[in-house]
Amino acid sequence: MFVYMTNGTYEYLTSFKKKHTEARMYVMQNPETALLFHETEGPSLFKAGRKYEILETAGTLEQTGFAVMNHIPVTEEGRPVFEYRFKGRAKMIEKQPGFKAFRLLRPAAGDTYIVFTLWKNESAFLQWKESASFAQAHEKKESLGGPSSAQKIFSGPSHISQYLLPAEDE
């Protein structure tokens, strides 16, 4: 299973999605950009875009909610360790109120993995961030074997992007 993403104007991406009603596509936006997220077992429908392999999945995507993407640059030698640690995660996020979906995405090109989560709304995400479950799920981040080990796994600092998935009629 794959995810393809491309950016553009909200209007263009919405019209593209409407032309491909059979595809699992989700249009999202934030103040800077709009993004089309296409989940499929087949090839991309985009002329240009980014390709990711789905390594882990939970929940169901839908065209409403609040999406958070944690972009994590991982070194080539750090990939097996990073993926192994995610496979062994406690899966507490799935029990959090307002949780809708999770995808761990491996890049087809480049070094930046994406941890994608979809929430009922921004408030549900913020409650997760303040929860004891969040602290427990992220404490392993600090115990990667010390600073030198973390440097071997990560090729740079991570960053977060957030998007609103408006309902179809908005």
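Structure: above.
Now for a look at the structure at hand. Note that the structure is predicted; figures quoted are calculated from it, not measured.

**Things to note about the overall build of the protein**
Thought 1: When its secondary structure is counted, the protein shows 5 helices and 8 strands.
Thought 2: Helices and strands appear in the protein in the N-to-C order β-α-β-β-β-β-α-β-β-α-α-α-β.
Thought 3: For 170 residues, the compact-globule estimate of 2.2 N^0.38 gives 15 Å, and the protein sits close to it at 16 Å.
Thought 4: Projecting the C-alpha coordinates of the protein onto the three principal axes gives extents of approximately 50 × 35 × 30 Å.
Thought 5: Taking all 170 residues of the protein together, the buried fraction comes to 45%.
Thought 6: When the accessible surface of the protein is totalled, it reaches about 9400 Å², and 54% of it is carbon and sulfur.
Thought 7: Charge separation in the protein, taken as the distance between the mean sites of 21 positive and 20 negative side-chain charges, equals 3 Å.

**What about empty space enclosed by the protein?**
Thought 1: By the definition in use, this model includes 1 cavity of 30 Å³ or more.
Thought 2: Quantified by volume, the largest cavity comes out at close to 60 Å³.
Thought 3: Every residue lining the largest cavity is listed: Tyr10, Thr14, Lys17, Lys18, Val27, Gln63, Pro166, Ala167 and Glu168.
Thought 4: Ranked by the residues each element gives to the lining of the largest cavity, the list is headed by helix H1 (residues 10–19), at 4 residues.

**Examining the pairing of strand S1 (residues 2–8)**
Thought 1: Strand direction decides the pairing type here: S1 and strand S3 (residues 34–40), joined by 7 bridges, are antiparallel. Residue pairing across strands places Tyr4 opposite His38, the latter belonging to S3.
Thought 2: Both S1 and strand S4 (residues 50–59) contribute to a ladder of 4 bridges, which runs antiparallel. The residue of S4 that forms the bridge with Val3 is Tyr52.

Cut-offs applied
- Residues numbered from 1 in each chain as written.
- Predicted model: local features only at pLDDT ≥ 70, side-chain atom pairs only at ≥ 80, totals over all residues.
- Heavy atoms only, no water.
- Helix = DSSP H or I, 4+ residues; strand = E, 2+ residues; numbered from the N terminus.
- Rg over C-alpha atoms; globule rule 2.2 N^0.38 Å.
- Buried < 20%, exposed > 50% of the residue type's maximum accessible area, 1.4 Å probe, protein only.
- Areas by Shrake-Rupley, 256 points an atom, 1.4 Å probe, with all protein chains shown as cover.
- Lys, Arg positive; Asp, Glu negative; His and termini not counted.
- Charge placed at Lys NZ, Arg CZ, Asp CG, Glu CD.
- 1 Å grid on protein atoms, 1.4 Å probe; cavity = no way out; pocket = protein on both sides within 12 Å on 5 of 7 lines; lining within 4 Å.
- Points joined across faces, edges and corners; volume = space filled by probe spheres on them.
- Pairing = 2+ DSSP bridges.

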